[in-house]
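Results of the structural survey
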Amino acid sequence: MRVFVTGASGHLGSAVVPALLSAGHDVVGLARSETSAAAIEKLGAEVRRGDLSDLDVLRNEAATSDGVIHLAFRHDLMINGDMAGAAETDLAALGALADGLDGSGKPLVGTSGTAMLALGGIVGRPGIESDTFPSGYRIDAENLVAGFASRGVRSSIVRLAPTVHSSLDHYGFITAIIAAARQNGYAAYVGDGANRWPAVHTLDAAELYRLALEKAPAGARLHAAADEGVSFRQIATAIGRNLDIPVRSISPDEADNFFGFLGSFAQMDNPTSSAITRELLGWVPARPGLIADLDEGHYFRA
């Protein structure tokens, strides 16, 4: 396939592109800067200049491709508080990509997150692939992609665990939590720290995107979660161990001050099953889990 990939130079894209190339696909990556273009070329892919606001570029590239993987998101807007702007940009980009694929039966793989399951009210059990919600932040985009199936697009959604970890991860949630621990001189968890985060290694997530592109049925929702749920206290303990600093419990009122924009996420309980995904696509995560990956030390060398 000739595959158009947005976010091709990012953390996940830098693993998805090689996974596609290794499987014999040709890849065109969207690059909004010279730095991004150079990174995509280094991976061995073709470059198309533009960003998520260039709707004609997105539409045309989708139309001339055999499939699309949409990884890009305006995380800069989200982190700076403009969550609505980030979501609106994403919805417009998805619409343009779908316009290019309309009626073709070609695949479009979109991206969501397992966190929406917890935010949507799933409590007391692991979230599963069939859990859906009528609307919400990032949920609107997920529902939009699933709906593209009615337009003759083999659309699917990969819900990423909040922790996508590996030596390729330089700006994700784990790096932010480690930075907070360095700054404060101790690693922290909220309350008893029993709340759980699912996790997935970057390379295992990349394989799931490839499988989704190649064979996910239209409208499928897939879970990129290898660890079903790692307690936040375990995460904090591993960080404290590797930084050789104390580990402490903090109150919910202290979370925003300690974790910054991750204050509410640090309290989220989000156990997530990927059993349906594994059976449907034959996905077998094979890389180290989150705690083992933390103990490899690469997160702490900088």
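Check the entry above for the structure.
Heads up: these notes are all about the structure in this document.

Here we look at the overall build of the protein
- Scanning the protein from N- to C-terminus turns up 13 helices and twelve strands.
- On C-alpha atoms alone, the protein measures out to a radius of gyration of 19 Å, which is about the 19 Å that the 2.2 N^0.38 rule sets for 302 residues.
- With the principal axes as the frame, the protein shows a C-alpha extent of 55 × 40 × 35 Å.
- Within the protein, the proportion of its 302 residues that are buried is 52%.
- Sequence separation of 24 or more characterises 80% of the internal contacts of the protein that already satisfy a separation of 6 or more.
- About 12500 Å² of surface is accessible on the protein, with carbon and sulfur atoms providing 50% of the total.
- Charge separation in the protein, taken as the distance between the mean sites of 24 positive and 35 negative side-chain charges, equals 3 Å.

As for unusual backbone geometry
- Of note in this structure, Arg138 is not a glycine but carries a positive phi near 70 degrees.
- When its relative accessible area of 19% is taken as the criterion, Arg138 is described as buried.
- The backbone of Asp244 shows a phi angle near 55 degrees, a positive value even though the residue is not glycine.
- Structurally, Asp244 is set in the loop between helix 10 (232-243) and strand 12 (247-250).

Rules used throughout
Residues numbered from 1 in each chain as written. Predicted model: local features only at pLDDT ≥ 70, side-chain atom pairs only at ≥ 80, totals over all residues. Heavy atoms only, no water. Helix = DSSP H or I, 4+ residues; strand = E, 2+ residues; numbered from the N terminus. Rg over C-alpha atoms; globule rule 2.2 N^0.38 Å. Buried < 20%, exposed > 50% of the residue type's maximum accessible area, 1.4 Å probe, protein only. Contact = heavy atoms within 4.5 Å. Areas by Shrake-Rupley, 256 points an atom, 1.4 Å probe, with all protein chains shown as cover. Lys, Arg positive; Asp, Glu negative; His and termini not counted. Charge placed at Lys NZ, Arg CZ, Asp CG, Glu CD.

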